[in-house]
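Breakdown of the fold
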Amino acid sequence: MTGFGVRLKKALEERNMTYEDLAEDTFMSKMAIYYYVKGDVLPTADNLKAICIALNVSADYMLGLETRK
């Protein structure tokens, strides 16, 4: 799992959200979310923005540029 994947999984757990919940909120597939968490791929800029909005976290946090959300 990459740093992004770790932070994504943590943000999901803190909000009691599943991969399916995030997929529905962001109009992405559940498999895309799974691959992001696993660290196989990183999201595009548009998908990162959608994830940040859905989880109410900053892009800087998700990218590891800051430690606080």
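All of these numbers come straight from a predicted model, not from anything done at the bench.

Examining the environment of A11
Looking at the element boundaries, A11 is found in helix 1 (residues 3-14). Take A11: its relative accessible area is 0%, and that puts it in the buried class. Sequence separation of A11 and M31 is 20 residues, and the distance between their C-alpha atoms is 17 Å.

Some points on the packing of helix 2 (residues 19-26) against helix 4 (residues 45-55)
For any two helices packed against each other, one specifies the inter-axial angle together with the distance between the axes. Where helix 2 contacts helix 4, the axes come no closer than 9 Å and their chain directions differ by 115°. In terms of their interaxial angle, helix 2 and helix 4 are classed as roughly perpendicular. Note that helix 2 runs across helix 4; the crossing there is right-handed. Two secondary-structure elements touch here, helix 2 through L22, D25 and T26 and helix 4 through A50, I51, A54 and L55. Residue classes in the contact of helix 2 with helix 4 are distributed as 5 nonpolar, 1 polar and 1 charged.

A closer look at the side chain of T26
By secondary structure assignment, the location of T26 is in helix 2. Note on T26: relative accessible area 8%, which makes it buried. A polar atom in the side chain of T26 sits 2.7 Å from the backbone oxygen of L22. With near-sequence residues (within four places) excluded, T26 lies in contact with I33, A50, I51 and A54.

Concerning helix 3 (residues 30-38)
Regarding helix 3, the residues found buried are A32, I33, Y36 and V37. On an axial view of helix 3, the arc spanned by its buried residues comes to 135°, and they lie on one face. Taken together, the buried residues of helix 3 touch helix 1, helix 2 and helix 4.

Some thoughts on the environment of M1
Note that M1 resides in the segment before helix 1. Ignoring any residue separated from it by four or fewer positions in sequence, one finds M1 in contact with V6, K9, V37 and K38.

Definitions and cut-offs
- Residues numbered from 1 in each chain as written.
- Predicted model: local features only at pLDDT ≥ 70, side-chain atom pairs only at ≥ 80, totals over all residues.
- Heavy atoms only, no water.
- Helix = DSSP H or I, 4+ residues; strand = E, 2+ residues; numbered from the N terminus.
- Buried < 20%, exposed > 50% of the residue type's maximum accessible area, 1.4 Å probe, protein only.
- Axes fitted to C-alpha atoms, helices over the stretch in contact; angles between N-to-C directions.
- Parallel < 35°, antiparallel > 145°, perpendicular 65-115°, else oblique.
- Left-handed = near helix turned anticlockwise from the far one by under 90°.
- Contact = heavy atoms within 4.5 Å.
- Nonpolar A, V, L, I, M, F, W, Y, C, P; charged D, E, K, R; others polar.
- Polar contact = N/O pair within 3.5 Å; in protein donor to acceptor, adjacent residues only side chain to side chain.
- Arc of directions from axis to C-beta.

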